[in-house]
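# Fold and contact review
Here is what each chain is made of, one letter per residue.
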Amino acid sequence: MEIPRNSLLDWPHQVPAAALHCLADTDFLLALELGPPDWWQAWQEKRLEDMLQWLKLPTFSHLPIQRRQDYRAQFEATSPRVPPEHGRLVTFQSSGSSGVPVRFWRSELATRVNVSHYWADHRRQERNLHASMAVITGTPGPHDGSHMELVADNWLHPAVQLGRYSPQFTMQEHAKWVCDHAPHYLVTTPATLSSIISLIEIHRLSAPRVWQVLTSSHTVEPALRDRARRVFGASIRDRYSCEEIGPIAFQCPYSDDYYHVAVANAMVEVVDHHGQAQQPGVAGNVLVTGLHQWATPALRYDLGDIAALHPHCPACGSTVPTLSNLLGRKFFLLKSPTGGLRHVRVLAEHWLGCADVREHRIVQTGAQSFRVEIVLNHKLKESERHALNGMLLRLIGSEFSFEIVQVDAVPWPQGTKRHEFVGCQE
Ligand SMILES: [Zn+2]
């Protein structure tokens, strides 16, 4: 039998410290999640107290809500200072889902805790890390050929992982590649997954059986879960995080609807428009406090997301607080004239069913009006305009009006994520 590369041959005399830490961290995180509630409550109380003391801040309940602009100003105005056991500091930046890019410091300790949470999720979701995994995201970075082999830790993740840098290929190329390589696990964003499924269906490609699709970064709608089950036979296991703090909640292994708060990394509050705690199970604004983010502290940080908070998981009985109705960034939500909020998603097949649309963006310009920017290879025909208008009325709502504008290129803002739907900002 061939023993995998690198240091496994050194066992039992030498085992890398990072792998051992990770195994111990993973056990601890799952023990907090599955143990009695006073375990995680006592642990959180102690961490919060230590952090506020170090930062010389008043008690938690007296802290104001921190907006993204406040967070950015804090980075610019203060130099980071952490206890020596937090290790070195590195700067990161978040491209800014809400249109406000921020920079922040993160310590080695915070990074370790962050990474351990994703290993704990492999255990929570009972993944077989000897099985193949494909990653199609913006993180592997540019590479030669159709994919690159990602270097994994042989102690923790023996299977080969294939990474594909998402922007390097068209969605059609991604769809074909997934069908050709048939990974057991697929890691990607909901938007990429949605496009891949659409193209598999449009071109009648032979879809592989996938065990789980691991998503992050944007909201997963119930319809996408149904489509992933139908096409791949796979359930989606979503992770809710932000770059500044790291993991915030992980999908319950027994439910599509609930997300267990990552109590060892973050405290989550859900508040109404006046900043008052919302009743359990009632949706409101999500505020997050990072328990290891001492370098650029995120305290009662308003992510611009909407969710409902439950004292424990209604689906599996886990004793940690649990989120539901996770609607994602307010930025992606449409506010209807009656005040309700809902997600807007127009799929590739909807656009292509009307015209050969190359690129598109929908911008909400008023309470009931939108500008729809589209890129075509030919001049927009009246029949296509009519079809597009009908499709948008059907999917977004007949109470709205749409100004369809053909452009040479969608004017995406520099240095931010591309949002195909831009809602009115509050
Ligand atoms: Zn649960």
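Criteria and thresholds
- Residues numbered from 1 in each chain as written.
- Predicted model: local features only at pLDDT ≥ 70, side-chain atom pairs only at ≥ 80, totals over all residues.
- Helix = DSSP H or I, 4+ residues; strand = E, 2+ residues; numbered from the N terminus.
- Buried ≥ 20, exposed ≤ 12 C-beta atoms within 10 Å, placed from the backbone.
- pLDDT = per-residue confidence, 0-100.
- Core = buried A, V, L, I, M, F, W, Y, C linked by C-beta atoms within 7 Å.
- Contact = placed C-beta atoms within 7 Å.
- Pairing = 2+ DSSP bridges.
- Right-handed = clockwise from strand over helix to strand, strands pointing away.
- Arc of directions from axis to C-beta.

Right, let's get into the overall build of the protein. Regarding its fold elements, the protein presents nine helices and 20 strands. By residue count, 32% of the 426 residues in the protein fall in the buried class.

It is worth spelling out the confidence of the model for the protein at this point. For the protein, per-residue confidence averages 89 on the pLDDT scale, and residues scoring 70 or more make up 89% of the total. Mean pLDDT across the elements of the protein bottoms out in strand E16 (residues 341–343) (63) and peaks in strand E7 (residues 212–215) (98).

Turning our eyes to something else, we now look at the nonpolar core. Core analysis: the largest hydrophobic core is formed by 43 residues, its most contacted members being Ile248, Val261, Ala266, Val268, Val288 and Leu323. Broken down by element, this core gets its largest block of residues, five residues, from strand E13 (residues 301–310). Beyond its immediate sequence surroundings of up to four residues, Val261 is in contact with Ile248, Ala249, Ala266, Val268, Val320, Pro321, Thr322 and Leu323. In this structure, Val178, Leu186, Phe232 and Ala234 belong to the second largest nonpolar core, which totals 23 residues.

On a regular strand, one side chain projects to one face of the sheet and the next to the other, so that they alternate. Burial of the side chains of E7 extends over both faces: Gln212 and Leu214 are buried on one face and Val213 and Thr215 on the other. In this sheet, E7 lies alongside strand E6 (residues 185–188) in parallel orientation, the contact comprising four bridges. Counterpart to Val187 in the pairing with E7 is Leu214. Once the chain exits E6 it traverses helix H6 (residues 190–202) before rejoining the sheet at E7, and the crossover so formed is right-handed. Of the strand pairs in this sheet, E7 and strand E8 (residues 235–242) are connected by four bridges, and their pairing is parallel. Counterpart to Leu214 in the pairing with E8 is Arg237. Taking the sense of rotation as the criterion, the β-α-β connection linking E7, helix H7 (residues 222–232) and E8 turns out right-handed.

Quick look at the pairing of strand E5 (residues 161–165) now. Both strand E3 (residues 133–137) and E5 contribute to a ladder of five bridges, which runs parallel. Across the sheet, residue Ala134 finds its bridge partner in E5, namely Leu162. In terms of strand pairing, strand E4 (residues 148–150) meets E5 through three bridges, oriented antiparallel. Each residue of the ladder has a partner; that of Glu149, found in E5, is Leu162.

Among the residues making up H7, those that are buried are Leu224, Ala228 and Phe232. For H7, the buried positions fall inside an angular range of 40° around the axis, keeping them on one side. Facing away from the buried side of H7, by more than 90 degrees, are the exposed residues Pro222, Ala223, Asp226 and Arg230. In this structure, the buried residues of H7 make contact with H6, E7 and E8.

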